[in-house]
Amino acid sequence: MTYQIKAVARCRTPYKQKFGIPRQPGLVAARGFVELEAEFNHMDAVRGLEQYSHLWLLFCFHENLAQGWKTTVRPPRLGGNEKLGVFATRSTFRPNGIGQSVVKLHGVVQRNGRVCLEISGMDLLDNTPVIDIKPYIPFSDAIHDAVGGIAHEAPALMTVNYTELAGAQIAAYAAQAQYLDLAELIDGVLAQDPRPAYKKAKEDPKLYQVALYDLDIFWCIENDGIKVLELKPAKLDRLDRLDRLDKESPSAN
């Protein structure tokens, strides 16, 4: 049995490449928008939604679909060395490439002629197609005695420090409206330690880069913490190259 599914919206987020996106929703308070597609671009479609504080977003892992899926994956929670069945994980490489995330709803707004939901806490790549939007119902959706298997506890956070140059650059960018909560976003993303699991158990002298908004954030590991070195305007060819590298290096949630 097969179905055709169309996107009802697109998610606009500061995450421009897969590397650096939090592995679960709610771990980083990044702000973004769910922008309704033309066919659904009407206030009637979201009438009453503002009475809810949170939403479920169902979406497609659109950058991973061409790579297919496997019956087992190597979750980062297990150091990338042990295998679990794909249905026992939140791997982004799934038979139908569908994900779901809970996000916080801040309001319904109009942007550039489109009805948009202002949200935070998402773990979605910029321009991700959203296939459905549902209200989060606390009395039925929150199961307080649930068992979380290998992901029962939130991940440990790393300390994030900044060079004098990076601190000054962040302060300058944060004065511009398009870089909303930039310092908090960088802190939240890097504290999760987005490196591959196999890198975390040994000395790591590599220089890393994460693209947020239209900026490249350069950082490294120093004294068991993360040191942000500098920020640079991102180049489109750099983002395209990083996307290709991401696609060649599958990871699992």
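Fair warning: this is a prediction, and the values are worked out from it, not measured in the lab.

**Description of the pattern of salt bridges**
Pairing between side chains of opposite charge can happen when the charged atoms of each approach one another. Counting across every chain of the model gives 12 salt bridges. A salt bridge links K227 to E222; the shortest N-O distance between them is 2.9 Å. E222 gets classed as partly exposed once you look at its relative accessible area, which sits at 36%. Put simply, K232 and E230 hold a salt bridge, and the shortest N to O gap is 3.9 Å. Overall, E230 belongs to the partly exposed group, its relative accessible area being 26%. Overlapping salt bridges bring together R12, E35 and R114 as one network.

**Observations concerning the sheet that holds strand β9 (residues 160-162)**
Read across the sheet, four strands follow the order β9-β12-β11-β10 without closing on themselves; strand pairing throughout is mixed. Two strands lie at the open edges of the sheet, namely β9 and β10 (208-212), each paired on one side alone. Here the average twist between neighbouring strands, direction ignored, is 35 degrees. In this sheet, strand β11 (residues 215-222) lies alongside β10 in antiparallel orientation, the contact comprising five bridges. Counterpart to Q209 in the pairing with β11 is F218.

**Brief notes about the nonpolar core**
In this structure, L117, I133, L190 and L231 are the most contacted members of the largest nonpolar core, which totals 49 residues. Here the element with the most residues in this core is helix α3 (residues 182-191); it accounts for six residues. Discounting chain neighbours no more than four positions away, the residues touching L231 are A166, Q169, I170, Y173, L182, I186, L215, D216 and I217.

**Brief notes about the pairing of strand β7 (residues 114-120)**
β7 sits mainly inside the fold: six of its seven residues count as buried. Looking at chain direction, strand β2 (residues 31-36) and β7 are connected through five bridges and run antiparallel. The residue bridging R31 from the neighbouring strand is S120, located in β7. Between strand β6 (residues 98-111) and β7, which pair antiparallel and follow one another directly, the connecting turn spans two residues, one of which, N112, has a positive phi of 55 degrees.

**So, unusual backbone geometry**
Not every positive phi belongs to a glycine, and N112 is a case in point at roughly 55 degrees. For N112, the location among the structural elements is in the loop between β6 and β7. Unlike most non-glycine residues, N127 shows phi in positive territory, near 75 degrees. With respect to the secondary-structure elements, N127 resides in the loop between β7 and β8 (128-135).

What counts and what doesn't
- Residue numbering note: each chain is counted from 1, following its sequence as written.
- In keeping with the model being predicted, local features are shown solely for residues with a pLDDT of at least 70 and side-chain atom pairs are shown and tallied solely at 80 or more, while totals for entire chains, interfaces and linings include all residues.
- Heavy atoms throughout the structure, all of them, feed into the side-chain values; hydrogens and water do not.
- Whenever a carboxyl oxygen of Asp or Glu lies within 4 Å of a side-chain nitrogen of Lys or Arg, that contact is scored as a salt bridge.
- Only protein chains enter the accessibility calculation, which uses a 1.4 Å probe; a residue is then buried when its area is under 20% of its type maximum, exposed when over 50%, and partly exposed in between.
- At least two DSSP bridges between two strands are required for those strands to pair.
- Only DSSP runs of H or I covering at least 4 residues are called helices, and only runs of E covering at least 2 are called strands; the numbering of each starts at the N terminus.
- Only the stretch in contact is used when fitting a helix axis, every axis being a line fitted to C-alpha atoms; angles between N-to-C directions are given from 0 to 180 degrees.
- The term nonpolar core refers to a set of buried residues drawn from Ala, Val, Leu, Ile, Met, Phe, Trp, Tyr and Cys, joined through side-chain atoms within 4.5 Å.
- In this description, contact between two residues means that some pair of their heavy atoms is separated by no more than 4.5 Å.

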